[in-house]
Structure formats: structure tokens, C-alpha cells
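An overview of the molecular structure
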Amino acid sequence: MTPQPITVETTVAAPVATVWDAYTTPEDVMQWNTPSDDWHTPAATVDLREGGAFSSRMEAKDGSMGFDFAGTYTNVVKHKRIEYDFGDRHGVVDFTPEDRGVRVTVTFDAEAENPVDQQRAGWQAILDNFKRHVER
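Definitions and limits used
Residues numbered from 1 in each chain as written. Predicted model: local features only at pLDDT ≥ 70, side-chain atom pairs only at ≥ 80, totals over all residues. Heavy atoms only, no water. Helix = DSSP H or I, 4+ residues; strand = E, 2+ residues; numbered from the N terminus. Rg over C-alpha atoms; globule rule 2.2 N^0.38 Å. Buried < 20%, exposed > 50% of the residue type's maximum accessible area, 1.4 Å probe, protein only. Areas by Shrake-Rupley, 256 points an atom, 1.4 Å probe, with all protein chains shown as cover. Pairing = 2+ DSSP bridges. Salt bridge = Lys/Arg side-chain N within 4 Å of Asp/Glu carboxyl O. Axes fitted to C-alpha atoms, helices over the stretch in contact; angles between N-to-C directions. Contact = heavy atoms within 4.5 Å. 1 Å grid on protein atoms, 1.4 Å probe; cavity = no way out; pocket = protein on both sides within 12 Å on 5 of 7 lines; lining within 4 Å. Points joined across faces, edges and corners; volume = space filled by probe spheres on them. Nonpolar A, V, L, I, M, F, W, Y, C, P; charged D, E, K, R; others polar.

All right, on to the overall build of the chain then. In terms of helices and strands, the chain carries three helices and seven strands. Going from the N terminus to the C terminus, the chain shows its helices and strands as β-α-α-β-β-β-β-β-β-α. Over its C-alpha trace the chain gives a radius of gyration of 14 Å, about what one expects of a compact globule, namely 14 Å for 136 residues. Based on the C-alpha atoms only, the size of the chain along its principal axes is roughly 40 × 35 × 30 Å. In the chain, which comprises 136 residues, the share counted as buried stands at 39%. Accessible area for the chain stands at about 7500 Å²; split by element, carbon and sulfur atoms hold 50% of it.

Take the pairing of strand S2 (residues 39-46) next. For S2 and strand S3 (residues 53-60), the ladder comprises six bridges, and the chain directions are antiparallel. Looking across to S3, one finds that Ala43 is bridged to Arg57. Linkage of S2 to S3, two consecutive antiparallel strands, is achieved through a turn of six residues, within which Gly51 is found at a positive phi near 90°.

A few words now on the pattern of salt bridges. What the rule picks out here adds up to nine salt bridges. A salt bridge links Arg57 to Glu59, with the nearest nitrogen and oxygen atoms 3.1 Å apart. The shortest N-O distance in the salt bridge between Arg120 and Asp117 comes to 3.2 Å. Of the two residues, Arg120 and Asp117 are both situated in helix H3 (residues 116-135); the distance of three residues between them amounts to about one turn of the helix.

Across the sheet, seven strands lie side by side as S1-S7-S6-S5-S4-S3-S2; this open sheet has antiparallel pairing. The open sheet terminates on both sides in strands that have one partner only, identified here as strand S1 (5-12) and S2. Here the strands of the sheet are splayed against their neighbours by 20° on average, with no regard to which way each runs. Lying on the sheet, helix H1 (residues 16-24) is in contact with S1, S2, strand S4 (66-77), strand S5 (81-86), strand S6 (89-98) and strand S7 (101-109); it crosses S6 at an angle near 155°. Each of S1, S3, S4, S5, S6 and S7 touches H3; the most contacted strand, S1, lies at about 20° to it.

All right, on to the layout of surface pockets then. Size it by volume and the largest pocket reaches roughly 970 Å³. Met58, Phe67, Phe69, Trp123 and Ile126 are, among the 37 residues lining the largest pocket, the residues nearest its centre. Put simply, the parts of the chain that give the lining of the largest pocket at least two residues each are H1, helix H2 (26-32), S2, S3, S4, S5, S6 and H3. Class assignment of the residues belonging to the lining of the largest pocket gives a composition of 22 nonpolar, eleven polar and four charged.

Dropping the structure here:
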């Protein structure tokens, strides 16, 4: 069965170059890549090119759990689109300049272990943190 795609999005009030850099720079990723205040990302790597790898270590601050979100970039169009595979799933991030800033749209294949609504909420929370980080 093909995984169901999930889409989350936000509009960031900043120039596209600023938004792109915050999304693709490991130091920035470590600051925004968390769904809630009790999680953090202590490590991140980004090799932003087709065939390049990325990885983010996400951990509960109390040390109770953690996981690596990792994969390979399959298409990179600077300031416009990032496509990547992670495991047997695929993700796409689009950066669309608008009057109010940049609309960031993330579409990804759902996984089978958790409900779709829970996955959408978690990814949306991370994207909301990204918006707050860039607009600070």
C-alpha cells in the first residue's frame, strides 16, 4: 500500500534567501527542529546536493527517548524546492515567495505506526517552530 501523503505549511515573514538558509543550515536546524519545548535537536548535518545526506538527532530533553531523522536529497532547486527520501518514504519542501513572505509547504509520505493526525500535528508543530525561529 502506498503511504498517504501529508501536507503542512506556514508563511514566514522573511526574504526567501533567509528562509532557505534557516531551513538548510545545521546550526539553525538544531534551534528549530523540535515539536515541543521538552524535545531538542543536539546534532544535525546537511549535505545539500542531489545524492547528499542529511541527519537530525531528535531527543527528549529528559533522555527518555530519541531518534535520528535521516535521508538523502533527491532534488535541490535553490530557494525553490528540496526533495528527499528517508527510508522508503519521500518528502518535498517548497518555498513560494508571496506578498507577506515565503510560504513553506512540506509534503511527506505518512508512516504506518502512528495516526495520520498525530503525524500532521507533530510536523506542523516543527514547522511552526521554524517560523518563530526565522521571524525572531
